[in-house]
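Examination of the molecular architecture
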Amino acid sequence: MKETESYCTFVVRGSHCGVPVRQVREIVCDQTVTPVPLSHEAVRGLINLRGQILTVVDVGRWMRLPTRGQTDGTPARFHLIVDLGREMVSLCVDAMGPVILPTPEQLEPIPSSVDSRAAEMILAAARMPDETVMLLRLDRLREMKGAIKRRSSFGRIGEDQTTSMTADNEMNQRGAP
């Protein structure tokens, strides 16, 4: 974390969070989310953003925040599109907040009252004049996405298996031994 880094803030399930502005590509509203069966609990589904298919991550589920009201079936008002390096992901959030520039004096360690599993996703707490903002570690989101890809590759036909099956089928059709 850079001492003078700006953070784009948002609210999810009543908690104020922030991600580095340098990783935010855009903010879009009211996108139709297509559910993905058997996906990770934090994956709400997929959106089509101008022809690019993005995974939608429910930040509240990802951080295991307590549920406040209905979260399933309710369209997310805001999608914060972030760059994870090799891909873009949509963070599903309830409301957008201001961009903040916390000083080193405003940064505090993660409070001990935070659930240990959620604490893994938090870099620091920024004590701002109006609220405390949890600064999120998007590298942990990248790790979750990697685990999803590894898990989804088991029991499904991958590209290499498909190529092999196609070659076998062609040989069988030609009568090859």
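Above: the structure in question.
Residues numbered from 1 in each chain as written. Predicted model: local features only at pLDDT ≥ 70, side-chain atom pairs only at ≥ 80, totals over all residues. Heavy atoms only, no water.

It is worth spelling out the nonpolar core at this point. Nonpolar side chains in soluble globular proteins tend to be buried together. Core analysis: the biggest nonpolar cluster contains 26 residues, and V19, W62, M63, L91 and L136 have the highest contact counts within it. Elements represented by at least two residues in this core include exactly β1 (7-12), β2 (15-20), α1 (59-62), β6 (78-83), β7 (88-93), β11 (132-136) and α3 (138-153). Apart from residues lying up to four places away in sequence, W62 is in contact with A42, V57, M121, L136, R137, R140, L141 and M144. (Core = buried A, V, L, I, M, F, W, Y, C linked by side-chain atoms within 4.5 Å. Buried < 20%, exposed > 50% of the residue type's maximum accessible area, 1.4 Å probe, protein only. Helix = DSSP H or I, 4+ residues; strand = E, 2+ residues; numbered from the N terminus. Contact = heavy atoms within 4.5 Å.)

Turning our attention to the sheet that holds strand β5 (residues 52-58). Spatially, the five strands line up as an open sheet ordered β3-β6-β7-β5-β4, and their pairing is mixed. Each of the sheet's edge strands pairs with one partner strand only, and the pair in question is β3 (24-29) and β4 (43-49). For this sheet, the mean angle separating the axes of adjacent strands, direction not counted, is 30°. Looking at chain direction, β4 and β5 are connected through six bridges and run antiparallel. Along β5, the bridge assignment pairs N48 with I53. (Pairing = 2+ DSSP bridges. Axes fitted to C-alpha atoms, helices over the stretch in contact; angles between N-to-C directions.)

Scanning all chains against the criterion turns up ten salt bridges. Between E5 and R22 there is a salt bridge; the shortest N-O distance is 2.4 Å. Highlighted residues: E5 in the segment before β1 and R22 in the loop between β2 and β3, separated in sequence by 17 residues. Put simply, R127 and E108 hold a salt bridge, and the shortest N to O gap is 2.9 Å. One end of the pair, R127, is in strand β10 (residues 122-127); the other, E108, is in strand β9 (residues 107-108), with 19 residues separating them in the sequence. You can call E108 partly exposed: its relative accessible area is 29%. (Salt bridge = Lys/Arg side-chain N within 4 Å of Asp/Glu carboxyl O.)

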